[in-house]
Amino acid sequence: VQTKMISASSHASAGVVPVNFTAGADIAGLDLDVTFPPSQFSVASASCTSNTACVGAFTNCSVSPAGTANFILAAGTACSSGQLGTISLTIANGATPGVKPLTLTVNGLSDSQGTDLAPNTVTANSGQVTVLGPTYSSNPQPGAFDVGSVVQNATDITRNLQISNPGAVGTTLTGTC
């Protein structure tokens, strides 16, 4: 599982994380889980359509609301190095910026003769997703005020506002957010 950096956005795809396989043994069948924190990602899907490692294999890729993407691939011949599939993640409303783990667990393996192999036959390299907070830009003009622009869509944004209006008495400020 690769490491990915994605920006916080509301109701938008945050990123696609590839699940890759590096050949080195006679592995023709795999049952893998990638777990992620469901409180940080509101929508996730697993796809085997980009499978280049186990070409012609039976594939079943699914995701549970509990935060697990499962990849099952069964080929008649040994898998080569390549991509097994992808996980599409969307940042949940209320997700916090920071590094979020993607934990890879090997549930089962088999060789090209159909013999079950111990899950520790391969090395499982977990990954991570870094959720970046929204960014702001502000270019105040003389005689006007600017509360800043939200570069990435987000919810629950707080921005400090300073108003300089020297000499004006009794001025009323009305704003809409």
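Residues numbered from 1 in each chain as written. Predicted model: local features only at pLDDT ≥ 70, side-chain atom pairs only at ≥ 80, totals over all residues. Heavy atoms only, no water.

Student: Whenever I open this one, the overall build of the protein confuses me. Can you help?
Tutor: Summing up its helical and strand segments, the protein has zero helices and 12 strands in all. Listed by position from the N terminus, the elements making up the protein come as β-β-β-β-β-β-β-β-β-β-β-β. Taking all 177 residues of the protein together, 34% fall into the buried category. Look at the contacts in the protein between residues 6 or more apart in sequence, and 71% of them connect residues 24 or more apart. (Helix = DSSP H or I, 4+ residues; strand = E, 2+ residues; numbered from the N terminus. Buried < 20%, exposed > 50% of the residue type's maximum accessible area, 1.4 Å probe, protein only. Contact = heavy atoms within 4.5 Å.)

Student: Would you take a moment to explain the state of the cysteines for this structure?
Tutor: Two cysteines joined by a covalent bond between their sulfur atoms form a disulfide. Going through the model one piece at a time under the given rule, you end up with two disulfides. Two residues share a disulfide in this structure: cysteine 48 and cysteine 61, whose sulfurs sit 1.4 Å from each other. Across the disulfide from cysteine 48 to cysteine 61, rotation about the S-S bond amounts to roughly 45°, and the bridge is consequently right-handed. Remark: cysteine 61 occurs in strand β5 (residues 58–64) and cysteine 48 occurs in the loop between β4 (41–47) and β5; sequence separation between them is 13 residues. Each of the two residues, cysteine 48 as well as cysteine 61, counts as buried. Each sulfur in the disulfide pair cysteine 54 and cysteine 79 lies 1.9 Å from the other. With the S-S bond torsion at 105°, the cross-link from cysteine 54 to cysteine 79 turns out right-handed. Of this pair, cysteine 54 sits in the loop between β4 and β5 while cysteine 79 sits in the loop between β6 (68–74) and β7 (82–91); the two residues are 25 residues apart in sequence, bridging distant segments of the chain. Exposure class is identical for cysteine 54 and cysteine 79. Each is buried. Looking at the protein, its bonded cysteines, counted consecutively from the start of the sequence, adopt the pairing 1-3, 2-4. (Disulfide = S-S within 2.5 Å.)

Student: Teacher, can you tell me more about the confidence of the model for the protein here?
Tutor: Predicted coordinates in regions of low pLDDT should not be interpreted in detail. Summary statistics for the protein give a mean pLDDT of 73 and a share of 67% for residues scoring 70 or more. Overall, residues 171–177 carries pLDDT values under 50, and its contacts beyond four positions in sequence, including any with other chains, amount to four contacts. (pLDDT = per-residue confidence, 0-100.)

Student: I'm lost on the packing of aromatic side chains in this one. Help?
Tutor: What characterises a pair of aromatic rings is the spacing of the ring centres plus the angle enclosed by the ring planes. What the rule picks out here adds up to one aromatic pair. Consider the rings of phenylalanine 36 and phenylalanine 41, whose centres lie 6.3 Å apart with planes at 75°: the pair is edge-to-face. For the pair phenylalanine 36 and phenylalanine 41, a shared accessibility class is recorded, and that class is buried. (Phe/Tyr/Trp six-rings, centres within 6.5 Å; stacked < 30°, edge-to-face > 60°.)

Student: What am I meant to see in the side chain of asparagine 51 here?
Tutor: Its place among the elements puts asparagine 51 in the loop between β4 and β5. Since its relative accessible area comes to 15%, asparagine 51 is described here as buried. A distance of 3.2 Å separates the side chain of asparagine 51 from the backbone nitrogen of alanine 53, its partner in a polar contact. A distance of 2.8 Å separates a polar side-chain atom of asparagine 51 from the backbone oxygen of cysteine 54. (Polar contact = N/O pair within 3.5 Å; in protein donor to acceptor, adjacent residues only side chain to side chain.)

Student: Can you help me understand the pairing of β6 in this one?
Tutor: For a regular strand, side chains alternate in direction, first toward one face of the sheet and then toward the other. Examined bridge by bridge, strand β3 (residues 29–35) and β6 share seven bridges and lie antiparallel to one another. When the sheet's bridge partners are listed, threonine 35 is paired in β6 with threonine 68. The pairing of β5 with β6 spans seven bridges and is classified as antiparallel. By the bridge assignment, threonine 59 is partnered in β6 with leucine 73. The turn linking β5 back onto β6 is made up of three residues, and glycine 67 within it adopts a positive phi angle of 100°. (Pairing = 2+ DSSP bridges.)

Student: Honestly, the environment of serine 88 in this entry has me stumped. Any pointers?
Tutor: You can see serine 88 is positioned in strand β7. In this structure serine 88 comes out as partly exposed when scored by relative accessible area, which is 25%. It is 5.2 Å that separates the C-alpha atoms of serine 88 and serine 45, two residues lying 43 residues apart in sequence.

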